[in-house]
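# Analysis of the macromolecular model
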Amino acid sequence: MADAAAVEPARPPFWRNVRVLRFLGQVGFVVLTVLVLRELYLNLAFGLRRQGLDLSFDFLRQRAGFGIIEGISYSPNQSYVRALQVGLVNTLRAAAVGIVVATVFGLIMGVARLSPNWLIRKIAQVYVEVFRNTPLAVQLVFWYFAVVLTLPVIEGGFSLGDFAFLSNRGAAIPWPRAGPSFGTWGAFLLAGVALGAGVWVVRTRAFDRTGRPHHRVLLSLAVLVAVAAAGYVVSGDPVELDVPESTGRGYTGGFQMSPEYAGLLIALVMYTGAFIAEIVRGSILAVSRGQKEAAEALGLSPAQQLRFVVLPQAMRIAIPPLNSQYLNLTKNTSLAILIGYPELVFVGRTIANQAGRATQVLLVWMGAYLVLSLSISFLMNLVNRAVTRRGEGR
Amino acid sequence: MARGISVKALAVLAAITLVAAACTRDEQPDEGDQTTTEQGDTGGGGQQQQESLLDVVRSRGTVVCGVNDTVPGFGFLTAEGSIEGFDIDFCKAIAAGVLGDPAAHELVPVTADERFNSLRAGQYDVLVRNTTWTSSRDGSEGVAFTHVNFYDGQAMMVRAGEFAEVADMDGTTVCVTAGTTTELNLADYAQQLGIQIDALVLQSNDDILPAFEAGRCDGWTSDSSQLAGLRSEFEELLGDLEILPDVMSKEPLGPAVLDGDSAWYDAVSWVVKGLILAEELGVTSENVDEEAANPSNPQIGNLLGAPTEEGAPFDPGLGLEPDFMVAVLQAVGNYGEIFERHVGANTPLGLERGLNALWTEGGLHYAPPFR
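A few words now on the overall build of chain A. Of the regular secondary structure elements, chain A holds 12 helices and eight strands. Taken against the 2.2 N^0.38 rule, which gives 21 Å for 394 residues, the C-alpha radius of gyration of chain A at 29 Å runs more than 25% over that of a compact globule. With the C-alpha coordinates aligned to their principal axes, the bounding extent of chain A is approximately 95 × 75 × 50 Å. Every one of the 394 residues in chain A was classed for burial, and the buried ones make up 30%. For chain A, contacts bridging at least 24 residues in sequence account for 67% of all contacts bridging at least 6.

Here is the structure:
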């Protein structure tokens, strides 16, 4: 037996050959997947045919016929496709701003939870526990119906000397608008940025060579501002201020925020901010104590310790879970249907209802959110790769 | 050895595929002609003849109706916890007509937005939820409207004294319920008048109420019957309200069932027609028993399926009892009685009969004869 094995190692029978088993396993899985998908599709097609419905997307070119309260330019005479685009842009508007604000807010709250100051620490803790442990839908309805809508009505709304307004019809503030000579000034701006970048590089090199303080931020900003200011004077008022006005029923001009958008944004930021605060706290705690002690021994102030030693390392730990929170926030914008903010799901539901094509709209939603989520994941993976230490991980 | 492996592997693979394919083949639908619909979870098709909802309802012993519970007068959840109203009485009438017992019904409140999906999903047998009959709902939603039970039109409600007509409302915000024809009519009407009206679309009247109360909207648009109900219910809360004279659209409302089930369609349809005909013939909940025993004319005899001198009563062959209208009229009375009970002049809504009068009295209600 032993001799025979030494001469030619016995091959196990094929049903115990790991390679064959793996291969069969893969094949079986593929067959199963295909069959399940096929069955699902046939079931769908059967159900639709039974009710005399089809799976064509041609109806999307029909006239939409319904109004949309806010978003990019749109009229009811345009097609369902245009209405969906309006919804998608509104989704992006809520998600992008929400992600940025929630991150800043969550970062502040996460750091506050570790503050040596008892009051600050407790405030942050209560915030996190309250907002992390109640459903977002409830919070959204609360912020919209109980907070935003209880602002004064437009006749008695707050106004800041006829420049800025706030009421339950929305908020409006003055906003810069490109004037006729904006192009000229734009050229100056570009030149300023280029010069500033040049100063940055020169100062950095000088620092590397001599070790003297570089002051690159201050100096390059000063150059940029100087050039921009000179250009502003030369081109003659390239930017005008668009001051909003109240019509008694709403606002025109300036930068406006609708009550629905405000309600959604507040809810998303408060909710997601609580989760981000916990991620930040956990990531900071995960940085070894020795790092902070070493920074302290070098004589860095507490703020410098956080800025230069702890946060850069905590960032690396925080990015993967942050990605999940960003995805959640993006998908949670669909709850806006509860308060009438016309994002993608809202517009889609109207279309599904008016055109009677629920299945097609579902497919559009799934496709759109899939693309959105994968794009965010892709960006976050790039960030993750950029902050990962060389030689670490893959 | 190696070749043996691959041959056997292929054989196994082929066997798996065949078995799996055979399993799914059984559940393949037949091409075309699956016209009837099914209720419940009998699986993905099958070879056996699909039964009509009429039989399903009989064997289940209750009729399930998709209804509204936020429109006073038509379907409204009362403080006592029951849903009452004009549409609810039609559900009771269908239960009485099909099962002989008006109590044998179940009410499923549903949003405007979900009503057709839920009907298709079989969550209820009939949708009696102030639903407007339109061509694309007949064509694309896979539903069939049985008979108009209320002729309505879209109107605009505002705080008293703010506007005289919709044309004055340029630049305003108006609250609308999601998933209604109202959304479309509002956009069309504003366009026609050349004014800009922003529609704030919320899920139900319950959501619009706080928004309107807070002054987020200048107007509230819906079917005029609904607005009348809302005004009567909420005038205390919202202050004086006014319904503007504009009529923005035609809104014929009626019960809807799934496409392709003619037995069930006929049953629901003829209960509604019977109610209208009963009013025309003067049969009420008061005199129905007398008339059934001793009809004052042959038409009433046909309607009530009263026994004739020869013996056999008139049976239109709808798959219902010949005297099904007796139970219906005993339960809810004729069309006029339902109207007066929930939305008529002596109710908080105080609606005139108007278009909803019988054709003999200048209205639009006209039922085909029982012959």
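Another aspect to go through is the overall build of chain B. The number of helices and strands found in chain B is 13 helices and 15 strands. Taking all 371 residues of chain B together, the buried fraction comes to 50%. Within chain B, residue pairs in contact and separated by at least 24 positions form 71% of the contacts whose partners lie at least 6 positions apart.

Residue and element names in this part refer to chain B. In terms of domain boundaries, chain B breaks down into domain 1 (53–151 + 253–361) and domain 2 (154–248). The straight-line distance from the C-alpha centre of domain 1 to that of domain 2 is 29 Å. Across the contact, 16 residues belong to domain 1 and 17 residues belong to domain 2. Looking at the side of domain 1 that touches domain 2 residue by residue, the class counts come to nine nonpolar, six polar and one charged.

A word on the pairing of strand S9 (residues 154–159) of chain B. All names here are of chain B. Along S9, five of the six residues are buried, which leaves the element largely enclosed by surrounding structure. Where S9 meets strand S12 (residues 219–223), five bridges bridge the pair, whose relative direction is antiparallel. Residue pairing for S12: Gln154 is matched across the bridge by Asp223. Where S9 and strand S13 (residues 241–243) come together, three bridges link them in antiparallel fashion. Bridge assignment links Arg159 to a residue of S13, and that residue is Leu241.

As a further point, take the interface of chain A and chain B. Across the boundary between the two partners, chain A contributes 39 residues, which contact 47 residues of chain B. When contributions to the side of chain A that touches chain B are tallied by element, the ones reaching two or more residues are helix H2 (18–50) and helix H11 (344–355) of chain A. Grouping the constituent residues of the side of chain A that touches chain B by class yields 18 nonpolar, 15 polar and six charged.

Our focus in this paragraph is the nonpolar core. One broad rule of soluble globular proteins: the nonpolar side chains tend to lie buried together. Counting 169 residues, the largest nonpolar core has Leu264 of chain A together with Val63, Cys91, Ile94, Cys175 and Val328 of chain B as its most contacted members. Counting residues per element, this core draws most heavily on helix H8 (residues 259–286) of chain A, which supplies 16 residues. Those residues within four positions of Cys175 of chain B in sequence are excluded, and the remaining contacts are Leu200, Leu202, Ile208, Ala211, Phe212, Cys217 and Trp220 of chain B.

Moving on to the domain arrangement of chain A. For chain A, the domain assignment lists domain 1 (2–50), domain 2 (80–134 + 258–387) and domain 3 (178–242). Using C-alpha coordinates to define each centre, domain 1 of chain A is positioned 41 Å away from domain 2 of chain A.

Once that is clear, we can look at the environment of Gly273 of chain A. All names here are of chain A. Structurally, the position occupied by Gly273 is in helix H8. In this structure Gly273 comes out as buried when scored by C-beta crowding, with 27 C-beta atoms within 10 Å. Setting aside residues no more than four positions away along its own chain, Gly273 makes contact with Ala102, Phe105, Gly106 and Met109.

Residues and elements named next belong to chain B. Taking strand neighbours across the sheet as the criterion, the three strands line up as S2-S3-S4 in an open arrangement whose pairing is antiparallel. What marks the edges here is a single partner per strand, and that holds for strand S2 (70–71) and strand S4 (83–84). As paired strands, S2 and strand S3 (residues 75–77) are joined by two bridges and run antiparallel to one another. By the bridge assignment for S3, Thr70 is matched with Phe76.

What follows deals with the confidence of the model for chain A. Of the residues in chain A, 96% have a pLDDT of 70 or more, and the chain-wide mean is 88. Confidence scores differ between elements of chain A, with helix H1 (residues 2–7) of chain A showing the lowest mean pLDDT of 52 and helix H4 (residues 118–132) of chain A the highest of 96.

With that settled, the discussion passes to the packing of helix H6 (residues 182–210) of chain A against helix H7 (residues 216–235) of chain A. A pair of packed helices is captured by two measures, namely the crossing angle of their axes and the spacing between those axes. Residues and elements named next belong to chain A. The interhelical angle for the contact between H6 and H7, taken along N-to-C directions, is 160°, at an axis separation of 8 Å. Taken together, H6 and H7 sit at an angle that is classed as roughly antiparallel. In this structure, the crossing between H6 and H7 has a hand that is right-handed. For the contact of H6 with H7, the residue count by class is 17 nonpolar, seven polar and two charged.

Here we come to the packing of helix H3 (residues 80–112) of chain A against helix H10 (residues 302–332) of chain A. All names here are of chain A. The contact between H3 and H10 brings their axes to 9 Å, and the two run at 140°. One finds that H3 runs oblique with respect to H10. For the pair H3 and H10, the crossing hand works out as right-handed. Between H3 and H10, the residues in contact are Ala95, Gly98, Ile99 and Ala102 and Tyr326, Leu329 and Thr330, respectively.

Further remarks concern the sheet that holds S9 of chain B. Residues and elements named next belong to chain B. Strands sit in the order S11-S10-S12-S9-S13 across an open sheet of five strands; the sheet is mixed. Bordering the open sheet on either side are strand S11 (197–202) and S13, each of which pairs with just one other strand. Averaged over neighbouring strand pairs, the angle between their axes works out to 30° when direction is ignored. In the packing of helix H8 (residues 224–238) onto the sheet, the strands contacted are S9, S12 and S13, and the crossing angle to S13 comes to about 170°.

Right, let's talk about H8 of chain A for a bit. Residue and element names in this part refer to chain A. Counted at 1.5 Å a residue, the expected span for H8 with its 28 residues is 40 Å, and the 40 Å between its end C-alpha atoms agrees. A bend of about 25° at Gly273 is the largest found in H8. Within H8, 23 of the 28 residues are buried, which leaves the element mostly enclosed by the surrounding structure.

Here we take up helix H5 (residues 136–148) of chain A. By the burial criterion, the buried members of H5 of chain A are Leu140, Trp143, Tyr144, Phe145 and Val148 of chain A. Elements in contact with the buried residues of H5 of chain A: H8 of chain A together with helix H7 (205–213) of chain B.

The next thing to look at is the environment of Pro302 of chain A. Residue and element names in this part refer to chain A. For Pro302, the position within the fold is in helix H10. Look at Pro302 and you get exposed, because 12 C-beta atoms sit within 10 Å. In sequence terms Pro302 and Gly273 are 29 residues apart; their C-alpha atoms lie 24 Å from each other.

Not every positive phi belongs to a glycine, and Asn130 of chain B is a case in point at roughly 25°. If you trace the backbone, Asn130 of chain B turns up in the loop between strand S6 (126–127) and helix H5 (135–140).

Conventions adopted
- Residues numbered from 1 in each chain as written.
- Chains lettered and ligands numbered in written order.
- Predicted model: local features only at pLDDT ≥ 70, side-chain atom pairs only at ≥ 80, totals over all residues.
- Helix = DSSP H or I, 4+ residues; strand = E, 2+ residues; numbered from the N terminus.
- Rg over C-alpha atoms; globule rule 2.2 N^0.38 Å.
- Buried ≥ 20, exposed ≤ 12 C-beta atoms within 10 Å, placed from the backbone.
- Contact = placed C-beta atoms within 7 Å.
- Domains from an automatic or database assignment.
- Nonpolar A, V, L, I, M, F, W, Y, C, P; charged D, E, K, R; others polar.
- Pairing = 2+ DSSP bridges.
- Core = buried A, V, L, I, M, F, W, Y, C linked by C-beta atoms within 7 Å.
- pLDDT = per-residue confidence, 0-100.
- Axes fitted to C-alpha atoms, helices over the stretch in contact; angles between N-to-C directions.
- Parallel < 35°, antiparallel > 145°, perpendicular 65-115°, else oblique.
- Left-handed = near helix turned anticlockwise from the far one by under 90°.
- Expected span 1.5 Å × (residues − 1).
- Bend = angle between axes of the 7 residues up to and from the residue.

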